[in-house]
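Spelled out from the first residue to the last, the chains are:
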Amino acid sequence: MQEMFKDVLEKDEQVVAVYKPNKCKTAWWWFFMQLVGWIWLPLLALAALDTDYFWLVFGITMGVTALAVLITSLCGVLWYKNRFFAYTNKRILIRGGIIGIDYKSLEFKSLTATVVNVSLLDKLIRKNTGNIRFGSAASPMLSIWSGHSNQFMFQHIQKPYEVLREIKEFIDSKEGA
């Protein structure tokens, strides 16, 4: 999987480890996001309940809901297919994208904070998954309600505490050398 990052590696940079999100956790996450996003659409038919157009409105809203779920599901499959996380001897790398391939990187020297988040969904599916967020002065970790989203996150990763420990030990060994 190291070849996934060959386009963005610097001359003397080497990939130490590559990770892929957990498929089961990712599928459940996309399912719940669809549920939250599209549950209201069929309820629009209730506005036409006492009219002669109820079945027409119901059919249209169900069709739009089915199309929205199909498109969102396709986006979820593409998101998973293109998503990889890695760390090199210099930085954190995230590869992803739905239409094209995008890369994000965070240099170790800029890394100032890390947070592991294990959600209720992680606990429910019992796959030992979670998210690891990495923060820097330029990309601080604020709450989701602040309107700022941290883009350096290993999402739905297996064994998040072990992975973070491994990355921190690697960074510490580089600093001590």
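See above for the structure.
Residues numbered from 1 in each chain as written. Predicted model: local features only at pLDDT ≥ 70, side-chain atom pairs only at ≥ 80, totals over all residues. Heavy atoms only, no water.

(A) Local environment of the packing of helix 1 (residues 23-38) against helix 2 (residues 54-82). At a minimum axis distance of 10 Å, the contact between helix 1 and helix 2 shows a crossing angle of 150 degrees. One element, helix 1, and the other, helix 2, form an angle in the roughly antiparallel class. As helix 1 packs across helix 2, the resulting crossing turns out to be right-handed. Facing helix 1, whose interface residues are Lys-23, Thr-26, Trp-30, Gln-34 and Trp-38, helix 2 presents Thr-65, Ala-68, Val-69, Thr-72, Ser-73, Cys-75, Gly-76, Trp-79 and Tyr-80. Tallied by class, residues from the contact of helix 1 with helix 2 come to 7 nonpolar, 6 polar and 1 charged. (Axes fitted to C-alpha atoms, helices over the stretch in contact; angles between N-to-C directions. Helix = DSSP H or I, 4+ residues; strand = E, 2+ residues; numbered from the N terminus. Parallel < 35°, antiparallel > 145°, perpendicular 65-115°, else oblique. Left-handed = near helix turned anticlockwise from the far one by under 90°. Contact = heavy atoms within 4.5 Å. Nonpolar A, V, L, I, M, F, W, Y, C, P; charged D, E, K, R; others polar.)

(B) Just the sheet that holds strand 2 (residues 84-88), in detail. In spatial order, the strands read 1-2-3-4; together these 4 strands make up an open sheet with antiparallel pairing. In the strand order of this sheet, the two ends are held by strand 1 (15-19) and strand 4 (102-107), each with one partner. Neighbour to neighbour, the strand axes of the sheet diverge by 20 degrees on average, direction disregarded. Sheet topology places strand 3 (residues 91-96) next to strand 4; 6 bridges connect them, and they run antiparallel. Within strand 4, the position partnered with Arg-95 by the bridge is Tyr-103. (Pairing = 2+ DSSP bridges.)

(C) Examining the packing of aromatic side chains more closely. Here the structure, examined in full by the defined rule, presents 15 aromatic pairs. For the pair Trp-29 and Trp-30, a centre-to-centre distance of 5.6 Å together with 85 degrees between the ring planes defines the contact as edge-to-face. Ring-pair connections join several aromatic residues into one group, and the members of that group are Tyr-19, Phe-85, Phe-134 and Phe-154. In this arrangement the basic side chain of Lys-20 is found over the ring face of Tyr-80, its NZ or CZ atom lying 4.2 Å from the centre. (Phe/Tyr/Trp six-rings, centres within 6.5 Å; stacked < 30°, edge-to-face > 60°. Lys NZ or Arg CZ within 6 Å of the ring centre and 35° of its normal.)

(D) Highlighting helix 1. End to end, helix 1 covers 22 Å across 16 residues, agreeing with the expected 22 Å (1.5 Å per residue, within 8%). Within helix 1, burial applies to Lys-25, Thr-26, Trp-30 and Gln-34. Those residues of helix 1 that are buried are in contact with helix 2, helix 3 (120-125), strand 6 (129-136) and strand 7 (153-158). The backbone nitrogen of Cys-24 has a side-chain oxygen 3.0 Å away, supplied by the residue at the start of helix 1, namely Asn-22. (Expected span 1.5 Å × (residues − 1). Buried < 20%, exposed > 50% of the residue type's maximum accessible area, 1.4 Å probe, protein only. Polar contact = N/O pair within 3.5 Å; in protein donor to acceptor, adjacent residues only side chain to side chain.)

(E) Expanded view of the environment of Gly-76. Relative to the assigned elements, Gly-76 resides in helix 2. Remark: the alpha-carbon pair of Gly-76 and Thr-26, spanning 50 residues in sequence, is separated by 8.2 Å.

(F) The arrangement of helix 2 in detail. The terminal C-alpha atoms of helix 2 lie 42 Å apart, and with 29 residues this matches the ideal 42 Å at 1.5 Å per residue to within 8%. If you check which residues of helix 2 are buried, you get Phe-54, Thr-61, Thr-65, Ala-68, Thr-72, Gly-76, Trp-79, Tyr-80 and Asn-82.

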